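# Summary of structural features
The lines below spell out each chain.
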Amino acid sequence: MDELLAILQKIKPGVDFENETGLVEKRILDSMSIVRLVQAINDEFDIEITVSDLVPENFDSVSAMMALIERLEDEA
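The text that follows walks through the structure, step by step, so that each part is easy to find.

Thresholds applied
- Each chain has its residues counted from 1, following the order in which its sequence is written.
- In keeping with the model being predicted, local features are shown solely for residues with a pLDDT of at least 70 and side-chain atom pairs are shown and tallied solely at 80 or more, while totals for entire chains, interfaces and linings include all residues.
- Only heavy atoms go into the side-chain values, all of them from the structure, while hydrogens and water stay out.
- Helix and strand assignments come from DSSP, with helices taken as H or I runs of at least 4 residues and strands as E runs of at least 2, each series counted from the N terminus.
- Burial here depends on accessible area, computed with a 1.4 Å probe over protein chains only, as a share of the maximum for the residue type. Under 20% is buried, over 50% is exposed, and the range in between is partly exposed.
- Counted as salt bridges are all cases of a side-chain nitrogen of Lys or Arg within 4 Å of a carboxyl oxygen of Asp or Glu.
- Excluding any residue in a salt bridge, patches collect residues exceeding 30% relative accessible area, merging like charges within 9 Å and nonpolar Val, Leu, Ile, Met, Phe, Trp and Tyr side chains within 5 Å.
- Surface accessibility in these figures is a Shrake-Rupley result with a 1.4 Å probe; residues are shielded only by whichever protein chains are displayed.
- Only four residue types enter the charge count, namely Lys and Arg as positive and Asp and Glu as negative; His and the chain termini do not.
- To locate a charge, take NZ of a lysine, CZ of an arginine, CG of an aspartate or CD of a glutamate.

Moving on: unusual backbone geometry. In this structure, Arg 27 is a non-glycine residue whose phi angle is positive, near 60°. Note that Arg 27 resides in the loop between helix H1 (2–11) and helix H2 (31–45). Judged by relative accessible area, which is 72%, Arg 27 ranks as exposed. Of note in the backbone geometry, Asp 46 takes a positive phi value of approximately 55° without being a glycine.

This is the structure we're talking about:
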């Protein structure tokens, strides 16, 4: 999770990602942020987030993102 938090802080500094939810709904993460985030996650975790994974539920919280990462790692 530390790697994900570091990525998020680079993309959107100053947000308390550990406690914040509704990241997409509240527009803390916008479409450009998500594009950068997906690329960084793909590189860091050696996974491929596909178009079908690009739903708000997968990016609304750190725990949702970690669940997505873990699912994709298990499928690899």
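Okay, the pattern of salt bridges next. Pairing between side chains of opposite charge can happen when the charged atoms of each approach one another. Considering all chains together, one arrives at three salt bridges under this definition. The salt bridge partner of Arg 71 is Asp 53, with a shortest N-O separation of 2.7 Å. In this pair, Arg 71 sits in helix H3 (residues 62–75) while Asp 53 sits in the loop between H2 and H3, placing the two residues 18 residues apart along the sequence. Residue Arg 71 is classed as partly exposed on the basis of its relative accessible area, which comes to 34%. Notably, a salt bridge pairs Arg 71 with Glu 75, separated by 3.1 Å at the nearest N-O pair. Placement of the pair is Arg 71 and Glu 75 together in helix H3, with a separation of four residues, close to one helical turn. The class of Glu 75 is exposed, set by a relative accessible area of 54%. Three or more residues are tied together by salt bridges with common partners; here these are Asp 53, Arg 71 and Glu 75.

Before going further, it helps to spend a moment on a negative patch on the surface. Taken together, the side chains of Asp 2, Glu 3, Asp 16, Glu 18, Asp 43, Glu 44, Asp 46, Glu 70, Glu 73 and Asp 74 present a region of like negative charge at the surface. Elements with a contribution of two residues or more to the negative patch: H1, H2 and H3. Top element by residues in the negative patch is H3. It accounts for three residues. According to the relative accessible area criterion, Asp 46 is exposed, its value standing at 68%.

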